[in-house]
Amino acid sequence: MIIDTTEVQTINSFSTSGFFKEVYGLIWIIPILTLILEITIGVLVIVWLEREISAAIQQRIGPEYAGPLGILQAIADGTKLLLKEDLLPSRGDIRLFSVGPSIAVISVLLSYLVIPFGYRLVLADLGIGVFLWIAISSIAPIGLLMSGYGSNNKYSFSGGLRAAAQSISYEIPLTLCVLSISLRLEIGRNDQVVLPYDSDLDSSTVDIVEAQSKYGFWGWNLWRQPIGFLVFLISSLAECERLPFDLPEAEEELVAGYQTEYSGIKYALFYLASYLNLLVSSLFVTVLYLGGWNFSIPYIPIPELFRINQMAGIFGMTIESLLH
């Protein structure tokens, strides 16, 4: 086979041209936009499911008018909050009051960078992936504390203090659970006990999922560390401020906690951060203890039925080529 050198030079000149670089600079945004779309759909589904399940438990009808089965109710509520007036406390610290909700949302959004949705379907496969999530999630209480202090309201300030104290308290068992999984992964790789000062612990989310896939359903960390799974689940609920860990909001004591003085888009950001945190915690529970994307439950061939693995592989290789 004879290769024409002029054609190769033409291709190289085209690939190094300014126009191609500009196009490439726009293409790399596609994976990020895709992830944002998936996160948005996931939040909408969680809101709808929570309302439907709560209505069933309380023997109510639930949302039914906004779209079929009320599936558009969350979008309608979001639109309503966007159009509402944004009120500011007259004697509060406006800068802290305005920045607090943004910090709460951004800190949660950054956690999605290290979550693997497939073998190559991850934006940042870092060796400190899980610990990066813990470090980033520790920033959110700062935003809540700023919001409570900037509101110049004793109820809001009490809610911000409670949120910060609760998050710091449950970060410790959460970190210990992640550390135990990282230690086990390193021990299984080297067949010997490796202390943290002997080598760097590998907490890559992709490696954790791959280590569980060796033995299928019985290789999940859920069976190896059941107590750690329960501790991680309880700590995640506390981080998300879900029942029975809703002390920072405490409607019977603090009206709404750190959200008391908020309205409009700023209140919607707190609402969004809560469900984003709930979704990211659920994803990390799946990655760390339930085998991640390897859906290997016996007698349920869902990935083979819908060809999920093949589609994830193709889409993942596309994202990898765009990023590199």
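Reading the values: rules and limits
Residues numbered from 1 in each chain as written. Predicted model: local features only at pLDDT ≥ 70, side-chain atom pairs only at ≥ 80, totals over all residues. Heavy atoms only, no water. UniProt positions renumbered as here; feature names shortened; annotations may be inferred. Helix = DSSP H or I, 4+ residues; strand = E, 2+ residues; numbered from the N terminus. Phe/Tyr/Trp six-rings, centres within 6.5 Å; stacked < 30°, edge-to-face > 60°. Buried < 20%, exposed > 50% of the residue type's maximum accessible area, 1.4 Å probe, protein only. Patch = residues over 30% accessible without salt bridge, like charges linked within 9 Å, V, L, I, M, F, W, Y side chains within 5 Å. Areas by Shrake-Rupley, 256 points an atom, 1.4 Å probe, with all protein chains shown as cover. Salt bridge = Lys/Arg side-chain N within 4 Å of Asp/Glu carboxyl O. pLDDT = per-residue confidence, 0-100. Contact = heavy atoms within 4.5 Å.

- Going by what an unreviewed UniProt entry lists, the chain is known as NADH-plastoquinone oxidoreductase subunit 1 and is assigned to Rhynchospora pubera.
- Per UniProt, the chain carries the Sequence similarities (unreviewed entry) text "Belongs to the complex I subunit 1 family."

### Brief notes about the UniProt feature "transmembrane region" (unreviewed entry) in the chain
Phase 1: In this structure's numbering, the residues bearing the UniProt feature "transmembrane region" (unreviewed entry) are residues 23–49, 94–115, 121–146 and 268–291.
Phase 2: From the first C-alpha to the last, residues 121–146 spans 35 Å; its make-up is 62% helix and 0% strand.

### Things to note about the packing of aromatic side chains
Phase 1: The final tally for this structure, using the stated rule, is 11 aromatic pairs.
Phase 2: When the ring of W133 is compared with that of F232, the centres are 6.0 Å apart and the planes differ by 45°; the resulting orientation is tilted. Here F232 lies in helix 11 (residues 226–239) and W133 lies in helix 6 (residues 129–137), a separation of 99 residues in the sequence. Across the pair, F232 and W133 agree in class, each one buried.
Phase 3: Centre to centre, the rings of W133 and F284 are 4.1 Å apart; their planes meet at 15°, and the pair counts as stacked. Highlighted residues: W133 in helix 6 and F284 in helix 13 (residues 264–289), separated in sequence by 151 residues. For the pair shown, W133 and F284 are each scored as buried.

### Re unusual backbone geometry
Phase 1: Backbone geometry at Q59 places phi at a positive 55°, although glycine is not the residue there.
Phase 2: Of note, Q59 is situated in the loop between helix 3 (29–57) and helix 4 (73–83).
Phase 3: Phi angles above zero are rare outside glycine, and L69 is one such case at about 60°.

### Brief notes about a nonpolar patch on the surface
Phase 1: Residues L37, I41, V45, L49, I53 and I57 make up a contiguous nonpolar surface patch of about 570 Å² in total accessible area.
Phase 2: Following the sequence through the fold, I41 ends up in helix 3.
Phase 3: In this structure I41 comes out as partly exposed when scored by relative accessible area, which is 47%.

### A look at the confidence of the model for the chain
Phase 1: Mean pLDDT over the chain stands at 76; residues scoring 70 or higher make up 76%.
Phase 2: Helix 11 holds the highest mean pLDDT among the elements of the chain, 89, whereas helix 14 (residues 302–306) holds the lowest, 48.
Phase 3: Throughout residues 192–199 the model reports pLDDT below 50, and contacts reaching past four residues in sequence, or to other chains, amount to 7 contacts.

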